[in-house]
Amino acid sequence: MDKNVIETEITMGTVHSAAIEPYRVRLFVEDEIVKDAEITVGVNHRGVERIMEGLPVEKANSLTEKICGICSGVHLWNSVLVAEKGLEVEIPERASYIRIIVAELERIHSHLLYLAHGNEVLGHETFSMRLFYIRETVMELLRIIGGNRVQYGVPIIGGIRPRAELDEMKVQKIREGIDYIRGKVKEFADRFTSDPMIMSRITGVCPLNRKDALRLAVTGPTLRATGVEFDTRKEMECYDPFEFDVITQDDGDVKSNLLVRVFEIFESVKIIKQALKNLPEGAVVDRSWEMQDTDITKSYVEAPRGTLYHSYALEDGRVRNVVIRTPSIANIGAMQYALIGHHITDAQLGIVQCDPCFTCTDRAIEIIKRR
Amino acid sequence: MYSILGVIGTIIIGFIVSLWLPGLERKLIHARVQQRIGPPISSPGIMAPLKFFFKQTIMPYSPLPRLYNSLPLIGLLSVLFIFLFTVPETYQLGAFASIVAIVGFLKIEEVIYVFMGSLSKSVMSLRMPFPDLAKGAKHPNVQRSFLEDISAMRAFRLIAFGSFPLYIALFVPAVISGSISLGDIVAYQQVHGPILFSAAGVIGAIVFFIGYMILLNEYPFVILKAKADVIEGPYMEYAAKWRALVYIMRGFLMFTLATLFSVLFLGVPPSIFTWGILVNILVAVLFPMLMASFSAFAPIFTFKQFYPVTFGATILGVVALLAAFI
Amino acid sequence: MGIKSYARARAIHAMLVYTGGCNGCDIEIVNAVFSPKYDAEQYKIFLTWNPREADVLIVTGPVTKQNKKPLKEIYKAIPEPKLVIAAGACALMGGVYKNIHGDIPSEEIAGPVEEIIPVDAKIPGCAVRPEDVLAGAVSALPKLLEAK
Ligand code: SF4
């Protein structure tokens, strides 16, 4: 790009009102239009992969939960899956169903948070608050299941924590809860899409086309918003019994991104309903597995933000060679790219539309110090 | 003597009322729309500035800290002058109590934002210590500016076009009554009834309201201090009593503009010696409430939406002017 | 209660600084402010993003090395009297990141918060519950009110 075009550089972060997480974004602007962007992560680097090295596998699993406070359950789930795959543990079907219920509830809460944060950045405090209010219901459900609002820690190797077993009362509560959420989110979506002021703010803003999305290796709802039908859930065995659609939108702009999330909430509700209906009887945890050494095992799941990858090997019951790849690291490219050519006020919106979770992303990037 | 007492009394009353306005806005409208309890009415308008008065005064980080700190005072004074001109006791001052003078003082109000923006150097933008200047960066040698500089640029643009609706609306009553002096406008309305009840008056009032929201930088016209990018914009570095002044200035501007409306469109000047002041207070309370019910449902406008809205409002204002001529 | 502390009690501006950690505490605190269910504004606590306006600094996370300096700067920018509330296990003692490790201890954590700036109130929990945040903020208040 021609250097002369760029007038000045604006830096936001690491603490900023529109971005709750710490990260730095440098915007190169001319006449308030973003010409180029650079997102610096690493502020949040805590080296989770490194400190996991050599931990007993159960302890390591519970540490993965602390990678991210939004998708904590999914990290734990994937880490447990790695161990189970390596040790060839068969888990009871009931446990698998309950894990899926928790994962989908988590997707709902993550997407609601996304919508709320998006509205906050749009400047629409009212919608943001209403969405936070709806989100409270999911948090309450997660608290009922797991015992904690954020780190509920349901899966363990061999099944789920017995505490998270669903009895009749819990099932009933979840049913009521998701019905309420479905209704409320639908109301919200109708209001939202019929508001001309909001629509003019979000249509055509920060679009990402399909080709660029594939080139930048974007994943998750952000990819689906550009029209690519890809969802890791369709490739996961445990999702086989459930019938759901992969939601896509065409434009890849903020509007498409928001709508993808709204519809995915409905799909999640669908999955939870099916799971509750066909919940198999039986035990929830099978502790008969034996520890042995394994090779590096990989596992992919669909986190709320896209494909999440965990892999490690086991040696003496301790984890080795941990690699975690979170969806947001792939989406950073999309964030930088989507902003170009848009107004500064839309810039944060463009970042938020990709649903960044820099906390996930930052946990283990190797910062190479050169002399 | 009597009239000076009246002026001072009116100012005090206006001042007291203006302190309650932010709280009314927050508690009665925003909190209700958002289905929560909300803060007590006195908190945002009275207690917050009072609290800031009792905080330790620190020098703002700015190239000209004293000038920067004195800006809210200048703003407050110019608002005070506008308010003074609307008080009937000052109408015999002639040239001052006219629309042109008011427009002039409103301009000061806008210009200080430019200064505030360019003088503030907050820790929240460039001064945040973070090692991100690498040789391998995308554009290593670009000049870097503070977030507040963007605010200053925006304020500059707003001077150019943002206040058109308000100014045009101010001239509607002048055209109808055939004089730019406030005294004449009030006298005209005492004879012919409030201007608000004519076609031109209604359109003019709508345009005035839009201009009122723009001048107060309320959502959706909040781009000057949009949380999504510039955090608080020009006010970033005000601390302690200077921040209190900023709060008070805004509340008083709300009241003054509403008074201006009741003088120009209803023909009721504020004076503690008549019951008319109740009308003033009513308008001053109604305006923020109306504004709050708009702002609770609106996102921030970027310039893409801002231009058409102000343009539309300006056209509407011109229509009102034409209607006034006929 | 003098007018000074009365005014202080009726308008408290809180600023949130997030210094690492897992996002959980952070969102719970935003939740405490934003969600109408908790609605911090009814207890006269307002959220601000400007240190010059703030009275209370709520810090979450274990303070990573990169975040140490910004945190100090922000703390310095707040005019007296001010309160610092450390929220969450991470902010109190470095959390899992500092204390749990396998072969290699973590070298990324500069915290806990106490070692960087003085802390007036501590809210435990992983993640903190919004109710606790509000209770913690309220319990630390006397110090703010009685300050000169
Ligand atoms: S205390 Fe727990 S929830 Fe809070 S930031 Fe640390 S790990 Fe996350």
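The structure under discussion appears in the preceding block.
Predicted model only: the values in this text are computed from it and were never measured. (Residues numbered from 1 in each chain as written. Chains lettered and ligands numbered in written order. Predicted model: local features only at pLDDT ≥ 70, side-chain atom pairs only at ≥ 80, totals over all residues. Heavy atoms only, no water.)

**Some points on the environment of Asp 355 of chain A**
All names here are of chain A. Applicable threshold: A run of H or I in DSSP counts as a helix once it spans at least four residues, and a run of E counts as a strand once it spans at least two, with each numbered from the N terminus. Contact criterion: two residues are considered in contact whenever any of their non-hydrogen atoms come within 4.5 Å of each other.
Considering the arrangement of structural elements, one finds Asp 355 in the loop between helix H12 (344–353) and helix H13 (358–361). Distance in space between the C-alpha atoms of Asp 355 and His 111 is 8.8 Å, their sequence separation being 244 residues. Among all residues touching Asp 355, those that are not within four sequence positions of it are Ser 110, Tyr 114, Arg 261, Arg 305 and Ser 328.

**Overview of the interface of chain A and chain B**
Definition in use: Here the quantity called buried area is the total loss of accessible area, with a 1.4 Å probe, experienced by two parts when brought into contact, counted for both. Within this document, salt bridges are pairs made up of a side-chain nitrogen of Lys or Arg and a carboxyl oxygen of Asp or Glu, the two lying within 4 Å of each other. By the criterion applied in these results, polar contacts are pairs of N or O atoms within 3.5 Å in which, for protein atoms, one can donate a hydrogen and the other can accept it, and in which residues neighboring in sequence qualify only through two side-chain atoms.
Contacts between the two partners involve 46 residues from chain A, matched on the other side by 42 residues from chain B. For the pair chain A and chain B, the two sides together bury roughly 4000 Å², of which 52% comes from carbon and sulfur. Among the residues chain A hides against chain B, the three largest losses belong to Arg 24, Glu 32 and Met 197 of chain A. Together they make up 14% of the total. Arg 154 of chain B is the partner of Glu 32 of chain A in a salt bridge, and the nearest nitrogen-oxygen pair spans 3.0 Å. The tally of links between chain A and chain B comes to 20 residue pairs in polar contact (both at pLDDT 80 or more).

**Digging into helix H3 (residues 65–86) of chain B**
Using the following cut-off: Given the number of residues in a helix, its expected span is that number minus one, multiplied by 1.5 Å. The quantity called bend is, for any residue, the angle between two axes fitted respectively to the seven residues ending at it and the seven beginning at it.
Here H3 of chain B is 22 residues long and its end C-alpha atoms lie 33 Å apart, about the 32 Å a rise of 1.5 Å per residue gives. At Leu 71 of chain B, H3 of chain B is bent by approximately 30°, the largest bend along its length, and proline Pro 72 of chain B sits one to four residues beyond.

**Re the interface of chain A and chain C**
Filter applied, for reference: Residue classes follow a fixed rule: Ala, Val, Leu, Ile, Met, Phe, Trp, Tyr, Cys and Pro count as nonpolar, while Asp, Glu, Lys and Arg count as charged, and any other residue, Gly among them, counts as polar.
Of the residues lining the interface, 43 residues belong to chain A; the matching set on chain C comes to 42 residues. For the pair chain A and chain C, the summed buried surface comes to about 3500 Å²; carbon and sulfur atoms form 63% of the total. The interface formed by chain A and chain C includes five salt bridges. We note a salt bridge from Arg 50 of chain A to Glu 107 of chain C, for which the minimum N-O separation is 3.3 Å. Our count for the chain A to chain C interface comes out at 17 residue pairs in polar contact (both at pLDDT 80 or more). Of all the secondary structure elements, the ones that give two or more residues to the side of chain A that touches chain C are helix H1 (48–52), helix H2 (57–64), helix H4 (93–122) and helix H5 (125–146) of chain A. Sort the elements by how many residues they give to the side of chain A that touches chain C and H5 of chain A lands first, with eight residues. Of the residues assigned to the side of chain A that touches chain C, the class counts are 18 nonpolar, twelve polar and 13 charged.

**Some words on the pairing of strand S4 (residues 83–87) of chain C**
Residues and elements named next belong to chain C. Condition: Here the term buried applies to any residue with accessible area under 20% of the maximum for its type, exposed to any over 50%, and partly exposed to those in between, with areas from a 1.4 Å probe on protein chains only. The criterion for strand pairing is that DSSP finds at least two bridges linking the strands in question.
With five of five residues buried, S4 lies mostly within the body of the structure. Here S4 shows a buried face lined by Leu 83, Ile 85 and Ala 87 and a second buried face lined by Val 84 and Ala 86. Direction of pairing for strand S3 (residues 56–60) relative to S4: parallel, over a ladder of five bridges. Residue pairing for S4: Thr 60 is matched across the bridge by Ala 87. In terms of strand pairing, S4 meets strand S5 (residues 121–123) through three bridges, oriented parallel. Within S5, the residue paired with Ile 85 across the bridge is Ala 121.

**Quick word on a nonpolar patch on the surface**
Using the following cut-off: Like charges are joined within 9 Å and nonpolar side chains (Val, Leu, Ile, Met, Phe, Trp, Tyr) within 5 Å, but only among residues with over 30% relative accessible area and no salt bridge; these make up the patches. Method for areas: the Shrake-Rupley scheme with a 1.4 Å probe, in which residue coverage is limited to the protein chains shown.
Together, Ile 4, Ile 8, Ile 12, Ile 16 and Trp 20 of chain B make up a nonpolar patch on the protein surface, roughly 470 Å² of accessible area in all. Inspection of the secondary structure puts Trp 20 of chain B in helix H1 (residues 2–33).

**Concerning the sheet that holds strand S3 (residues 33–40) of chain A**
Basically, it comes down to this: Throughout, an axis means a line fitted to C-alpha atoms (over the contacting stretch in the case of helices), and angles, computed between N-to-C directions, take values from 0 to 180 degrees.
The strand order S3(A)-S2(A)-S1(A)-S1(B) describes an open sheet built from four strands, whose pairing is mixed. A strand with exactly one partner marks an edge of an open sheet, and here the two such strands are S3 of chain A together with strand S1 (144–145) of chain B. Where strand S1 (residues 8–12) of chain A meets S1 of chain B, two bridges bridge the pair, whose relative direction is parallel. Opposite Ile 10 of chain A, over in S1 of chain B, you have Ser 145 of chain B as the bridge partner. The strands touched by H12 of chain A within the sheet are S1, strand S2 (24–30) and S3 of chain A, with S2 of chain A carrying the most contacts at an inclination of about 145°. The sheet contacts of helix H5 (residues 147–162) of chain B involve S1 of chain A together with S1 of chain B, and relative to S1 of chain A the element is tilted by about 120°.

**What about helix H11 (residues 327–339) of chain A?**
Residues and elements named next belong to chain A. For H11, with 13 residues, the first-to-last C-alpha span of 19 Å sits near the 18 Å given by 1.5 Å per residue. Extensive coverage of H11 is indicated by the burial of ten of its 13 residues. Taken together, the buried positions of H11 are Pro 327, Ser 328, Ala 330, Asn 331, Ile 332, Ala 334, Met 335, Gln 336, Ala 338 and Leu 339. Just downstream of H11 lies Gly 341, where phi reads positive at about 90°.

**Some points on the environment of Phe 81 of chain B**
Of note, Phe 81 of chain B is situated in helix H3. Phe 81 of chain B sits 169 residues away from Arg 250 of chain B along the chain, and the two C-alpha atoms are 15 Å apart.

**A look at the packing of helix H6 (residues 164–177) of chain B against helix H8 (residues 199–215) of chain B**
Residues and elements named next belong to chain B. Selection rule: Any angle from 65 to 115 degrees is called roughly perpendicular, while one under 35 is roughly parallel, one over 145 is roughly antiparallel, and all others are oblique. Each crossing gets its hand from how the near helix is turned against the far one by less than a right angle, where anticlockwise is left-handed and clockwise is right-handed.
The contact between H6 and H8 brings their axes to 7 Å, and the two run at 150°. One finds that H6 runs roughly antiparallel with respect to H8. Both H6 and H8 take part in a crossing whose hand is left-handed. Facing H6, whose interface residues are Pro 165, Leu 166, Ala 169, Leu 170, Val 172 and Ile 176, H8 presents Ala 200, Gly 204, Val 207, Phe 208, Gly 211, Tyr 212, Ile 214 and Leu 215.

**Some points on the side chain of Asp 26 of chain C**
To keep it simple, the criterion reads: None of His or the chain ends enter the tally, which takes Lys and Arg as positive and Asp and Glu as negative.
For Asp 26 of chain C, the location among the structural elements is in helix H2 (residues 24–34). Buried charged residue Asp 26 of chain C carries no salt bridge. Nearest counter-charge: Arg 135 of chain A, at 10 Å. In contact with Asp 26 of chain C, not counting residues within four places along its chain, are Ile 20 of chain A together with Leu 16, Tyr 18 and Thr 60 of chain C.

**Description of the side chain of Ser 17 of chain A**
As for its position among the elements, Ser 17 of chain A is in the loop between S1 and S2. Within polar-contact distance, the side chain of Ser 17 of chain A engages the backbone oxygen of Lys 227 of chain B at 2.6 Å. Excluding residues within four positions of it along the chain, Ser 17 of chain A makes contact with Glu 120 of chain A, Lys 227 and Ile 231 of chain B together with Trp 49 of chain C.

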